[in-house]
Amino acid sequence: MPLWTIHHTPDFFTAEDKRELASRITDHYEKAGLPRFYVVVIFTETRSDNLYVGGEQTEVGLRVVIDHIARHAPDKKSRNGIAHWIKSILSPYLEAHDNPHWEFHVDETSEDLWMINGLIPPPMGSDAEKRWVADNAVSAY
């Protein structure tokens, strides 16, 4: 599952920006073969008096924490490609602000420590996973 937790100062995103960004993120992972329901995006507004970078209050900021569980990048080249994709998907929202502080990181968590609705997700590429993709729903296998 990709879990994107997006911490941002007030007014960084409009409601439409949030819908659009969540949809674009989900579309990308669906193209990579994941069920859409694997993708979770959480927007967390953080007042600027609660966001400090280098010990200093940050007026306009974005911090994205991404957990990849369903798939892991096999090598450095793939990880660099993922980082550049993330930058490209965030860029339109960054450009709307004057000199924001922004950063992201991606953790790759063991799929052995993951369940959805009490089920361990099916193996990558299996018939059960293909059914989850087609149905866009969890089902026993």
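What counts, and at which threshold
Residues numbered from 1 in each chain as written. Predicted model: local features only at pLDDT ≥ 70, side-chain atom pairs only at ≥ 80, totals over all residues. Heavy atoms only, no water. Buried < 20%, exposed > 50% of the residue type's maximum accessible area, 1.4 Å probe, protein only. Helix = DSSP H or I, 4+ residues; strand = E, 2+ residues; numbered from the N terminus. Pairing = 2+ DSSP bridges. Right-handed = clockwise from strand over helix to strand, strands pointing away. Axes fitted to C-alpha atoms, helices over the stretch in contact; angles between N-to-C directions. Contact = heavy atoms within 4.5 Å. UniProt positions renumbered as here; feature names shortened; annotations may be inferred. Arc of directions from axis to C-beta. Salt bridge = Lys/Arg side-chain N within 4 Å of Asp/Glu carboxyl O.

Per an unreviewed UniProt entry, the protein chain goes by Tautomerase cis-CaaD-like domain-containing protein and derives from Mycolicibacterium aubagnense.

Peer 1: What should I look at first to understand the pairing of strand β5 (residues 61–68) in this one?
Peer 2: The buried fraction of β5 amounts to six of the eight residues, a majority that puts the element mostly inside the structure. As defined by bridge partners, strand β1 (residues 2–8) adjoins β5 across seven bridges and the pair is classed as antiparallel. Of the residues in β5, the one forming a bridge with Thr-5 is Val-65. In terms of strand pairing, β5 meets strand β6 (residues 101–108) through eight bridges, oriented parallel. Paired with Asp-67 across the two strands is Asp-107, which belongs to β6. Where the polypeptide runs from β5 across helix α2 (residues 76–94) and back to β6, its parallel neighbour, the crossover connection is right-handed.

Peer 1: Hey, could you run me through the sheet that holds β1 in this one?
Peer 2: Each strand in a sheet pairs with its neighbour through backbone hydrogen bonds, running either in the same direction (parallel) or in the opposite one (antiparallel). Ordered by their spatial adjacency, four strands build an open sheet running β2-β1-β5-β6, and the pairing between neighbours is mixed. Strand pairing shows two members of the sheet lacking a second neighbour, β2 (40–45) and β6, which therefore form its edges. Here the average twist between neighbouring strands, direction ignored, is 10 degrees. Where helix α1 (residues 15–31) meets the sheet, it contacts β1, β2 and β5, and its direction lies at approximately 155 degrees from that of β1.

Peer 1: Got a minute to help me understand the UniProt feature "domain: Tautomerase cis-CaaD-like" (unreviewed entry) in the protein chain in this structure?
Peer 2: UniProt records the feature "domain: Tautomerase cis-CaaD-like" (unreviewed entry) at residues 1–136, using the numbering of this structure. Between the end C-alpha atoms of residues 1–136 the distance is 13 Å, and the span holds 33% helix and 24% strand.

Peer 1: Please explain unusual backbone geometry as it appears in this structure.
Peer 2: For residues besides glycine, phi is generally negative; the peptide bonds are generally trans as well. For Asn-99, which is not glycine, the phi torsion reads 55 degrees and is therefore positive. With respect to the element layout, Asn-99 can be found in the loop between α2 and β6. Of note in this structure, Asn-136 is not a glycine but carries a positive phi near 50 degrees.

Peer 1: Is there a simple way to explain the environment of Pro-92 in this structure?
Peer 2: Secondary-structure assignment places Pro-92 in helix α2. Between the alpha carbons of Pro-92 and Leu-21 there is a distance of 9.8 Å; along the sequence they are 71 residues apart.

Peer 1: What exactly am I supposed to notice about helix α3 (residues 127–135) here?
Peer 2: An α-helical segment advances 3.6 residues per turn. Residues three or four places apart therefore align on the same side. Buried residues of α3: Ala-128, Glu-129 and Trp-132, and no others. The buried residues of α3 occupy an angular sector of 100 degrees when the element is viewed end-on, so they sit on one face. Relative to its buried face, α3 has exposed residues pointing more than 90 degrees away, namely Asp-127, Lys-130 and Ala-134. Backbone geometry just downstream of α3 places Asn-136 in the positive-phi region, at approximately 50 degrees.

Peer 1: How should the pattern of salt bridges be read in this particular structure?
Peer 2: Any two side chains of opposite charge can pair, on the condition that their charged atoms come close. Scanning all chains against the criterion turns up six salt bridges. Of the charged contacts, one joins Arg-19 and Glu-16 as a salt bridge, the two residues approaching to 3.1 Å between their closest N and O atoms. Here Arg-19 and its partner Glu-16 are both found in helix α1, three residues apart, which amounts to about one turn of the helix. Assessed through its relative accessible area of 52%, Arg-19 is described here as exposed. Given the relative accessible area of 45%, Glu-16 is considered partly exposed. Where Arg-47 meets Asp-49, a salt bridge forms, and the shortest distance between an N and an O atom there is 2.9 Å. Under the relative-accessibility criterion, Asp-49 is labelled partly exposed at 35%. Each of the salt bridges in this network shares a partner with another, and the network as a whole consists of Asp-27, Glu-30 and Arg-36.

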